[in-house]
Amino acid sequence: MVSPEDVLGFWLDEVGPQGWYKVSDTLDDTVRKRFQSGWENARAGAYSLWLTYPTGTLAYVILTDQFPRNMFRNEARAFATDKVALAAAKVAINRGWDLKIDEPARQFFYLPLMHSENLCDQERCVRLICERMPEHGPENMTHARAHREVIRQFGRFPYRNEALSRPSTALERAFEAEGGYGATLRQVMAAA
């Protein structure tokens, strides 16, 4: 069994901010070896006690939202626990538990909102980063706004379509051909 301390020690201390968003086969392999069984347990409903305090909830959200994106890159399983991560994050935010976690780790409470294919969640993510991340918000805000823009335009993330076996529309195919998320990110940066 994995513990919250295992998740937080690894992600916050060993990997740290410099490695959180880098695409790395080595990191993906390490996350898979160390945490896939824990993720499978969480997917089956384990770890409910983690959701009774701030650091436990943070570990749960990282395990169910961030780790699958590393372990199962470009696969449907990367998104399989998004709903439980989102629910846990929303409860924690409503309780103010996100504010009990120092920046930059606090952002992991907001990422399930950023990963959601729901515009209300996207709007809330942008607002929370603006209001509750005074030190590290600016570096996250561009990505939050870019994710929101994709959802505004398509109502979903077209770059997930293949992994989720969803057919792409002509507009989504054109979006991907013209640079996809990267192009949207550049547009948001230019407008800022």
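Reading the values: the criteria
- Residues numbered from 1 in each chain as written.
- Predicted model: local features only at pLDDT ≥ 70, side-chain atom pairs only at ≥ 80, totals over all residues.
- Heavy atoms only, no water.
- Helix = DSSP H or I, 4+ residues; strand = E, 2+ residues; numbered from the N terminus.
- Expected span 1.5 Å × (residues − 1).
- Buried < 20%, exposed > 50% of the residue type's maximum accessible area, 1.4 Å probe, protein only.
- Arc of directions from axis to C-beta.
- Contact = heavy atoms within 4.5 Å.
- Salt bridge = Lys/Arg side-chain N within 4 Å of Asp/Glu carboxyl O.

An unreviewed UniProt entry annotates the protein chain as DUF924 domain-containing protein of Roseovarius tolerans.

What about unusual backbone geometry?
What you tend to see is this: most non-glycine residues have negative phi, and most peptide bonds are trans. Omega for the bond connecting Glu103 with Pro104 falls within 30 degrees of zero, at 0 degrees, which places this linkage in the cis form. Along the chain, Pro104 turns up in the loop between α4 (82-95) and α5 (107-115). The backbone of Asn74 sits at a positive phi, close to 65 degrees, despite the residue not being glycine. Mapped onto the secondary structure, Asn74 falls in the loop between α3 (54-71) and α4.

With respect to α4
Taking 1.5 Å of rise per residue, the 14 residues of α4 would be expected to cover 20 Å, and the 20 Å separating its terminal C-alpha atoms lies within 8% of that figure. Buried within α4 are the following residues: Asp82, Ala85, Leu86, Ala88, Ala89, Ala92 and Ile93. All buried residues of α4 lie within an arc of 165 degrees about the axis, which places them on one face of the element. Along α4, the residues that are exposed and aim more than 90 degrees away from the buried face are Lys83 and Asn94. Buried residues along α4 sit in contact with α3, α5 and α6 (119-132).

What about the pattern of salt bridges?
Scanning all chains against the criterion turns up 16 salt bridges. Across the pair Glu172 and Arg156 runs a salt bridge whose closest N-O atoms are separated by 2.7 Å. Here Glu172 is found in helix α8 (residues 170-177), whereas its partner Arg156 is found in the loop between α7 (137-154) and α8, with 16 residues between them in sequence. Both residues of the pair, Glu172 and Arg156, belong to the buried class. The structure contains a network of salt bridges with shared partners spanning Asp65, Arg69, Asp82, Glu117, Arg160 and Arg166.

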